[in-house]
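Understanding the architecture of this molecule
Residue strings, one per chain:
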Amino acid sequence: MSTFQSVSALLSDEAATLALGQRVAQLLPPVLQALEGRALCINLEGDLGAGKTTLTRGLLRSLGFAGTVKSPTYTLVESYQLHHSAPDGAPDSVPLPEQAEDWSQGERELFARELPALNALGQLEIYHFDLYRLQDPEELELMGIRDYFAQQALCLIEWPDRGQGILPEPDIVITLEHLDEGRRLTISSSVLTAEQLNFLADIKL
């Protein structure tokens, strides 16, 4: 059994949740490299409307994806293939694609600029699962769920409890809870250092 470390913080509004996704994106290159070819599994926990898809949107925006980001409640999984190659292999940043009309004000303020993304990775497969309507965990076996985790990729899983017994142990668990003054954020991980956890929670020591 892996040892998990945890940290908690307060997210005051949607912009803070989007910024959390941005910080997750920043940590992807070193964390994925350390996993040596397998997928990074992040469980996203919290009630309906807690901000799980908002967090995912912030992460994808930080990697240069400007399209619509929605939770795949009916399809179970949405995949994103993100690519970047700088001219002559030189380090560069990915210019943000033209903003979509459905962007929130918080997204426009956070991501309306060039973003350093995918430089270290070159390309990245992201799989966003929403298991809310999953009737039987065995359905995951039928869709070849293990193949998603056997490659270098990022797997974000909403309602992971629905896949208990089939899903691998998560590397990171991000929990969002409704509060009157915002959302309580709790991050637990077996692969992140204390410094990385504090960075994700935006805790300045």
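Coordinates for the structure precede this section.
Let me begin by describing the structure that accompanies this report. (Residues numbered from 1 in each chain as written. Predicted model: local features only at pLDDT ≥ 70, side-chain atom pairs only at ≥ 80, totals over all residues. Heavy atoms only, no water.)

Digging into the overall build of the protein
Quick reminder of the rule: In this text, helices come from DSSP runs of H or I with a minimum length of four residues, and strands from runs of E with a minimum of two, each type numbered from the N-terminal end. Burial classification: accessible surface area is computed with a 1.4 Å probe over protein chains only, and a residue below 20% of its type maximum counts as buried, one above 50% as exposed, and the rest as partly exposed. Any two residues whose heavy atoms approach within 4.5 Å are treated as being in contact. Note on areas: Shrake-Rupley with a 1.4 Å probe; residue coverage comes only from the protein chains shown.
Secondary structure summary: the protein contains six helices and seven strands in total. Reading the secondary structure of the protein in the N-to-C direction produces β-α-β-α-β-α-β-α-α-β-β-β-α. A total of 205 residues make up the protein; the buried ones form 52% of that total. Across the protein, contacts joining residues at least 24 apart in sequence account for 75% of those joining residues at least 6 apart. Accessible surface, the protein: about 10,400 Å² in total, of which carbon and sulfur atoms supply 48%.

Quick look at the packing of helix H1 (residues 14–34) against helix H2 (residues 52–62)
Note the cut-off: Helix axes are fitted only over the stretch in contact, all axes being lines through C-alpha atoms; the angle between N-to-C directions runs from 0 to 180 degrees. For classification, angles of less than 35 degrees are called roughly parallel, those exceeding 145 degrees roughly antiparallel, those between 65 and 115 degrees roughly perpendicular, and all remaining angles oblique. The hand of a helix crossing depends on one turn: near helix anticlockwise from the far one by less than a right angle means left-handed, and clockwise means right-handed. In this classification, the charged set is Asp, Glu, Lys and Arg, the nonpolar set is Ala, Val, Leu, Ile, Met, Phe, Trp, Tyr, Cys and Pro, and all remaining amino acids, among them Gly, are polar.
Here H1 crosses H2 at 50 degrees, and the two axes come no closer than 7 Å. Viewed along their axes, H1 and H2 adopt a mutual orientation that is oblique. When you trace H1 past H2, the crossing you get is right-handed. Residues Glu-14, Thr-17, Leu-18, Leu-20, Gly-21, Gln-22, Val-24 and Ala-25 of H1 touch H2, and the partners they reach there are Thr-54, Leu-55, Arg-57, Gly-58, Leu-59 and Ser-62. Its residues assigned to classes, the contact of H1 with H2 shows six nonpolar, six polar and two charged.

Quick notes on the state of the cysteines
The test is simple: By disulfide we mean two sulfur atoms from cysteines, separated by a distance within 2.5 Å.
For the coordinates displayed, the defined rule picks out zero disulfides. Looking at Cys-41, it has no disulfide partner, and the nearest cysteine sulfur is the one in Cys-155, 6.3 Å off. Cys-155 gets classed as buried once you look at its relative accessible area, which sits at 0%.

Looking at the sheet that holds strand S7 (residues 182–189)
Applicable threshold: Between any two strands, at least two bridges found by DSSP are needed for them to pair.
With mixed pairing, the seven strands of this open sheet are ordered in space as S1-S7-S6-S2-S5-S4-S3. Every other strand in the sheet has two partners, leaving strand S1 (5–11) and strand S3 (77–83) as the edge strands with one partner each. Within the sheet, the average angular offset between the axes of one strand and its neighbour, ignoring direction, is 15 degrees. The pairing of S1 with S7 spans seven bridges and is antiparallel. Residue pairing for S7: Ser-6 is matched across the bridge by Ser-188.

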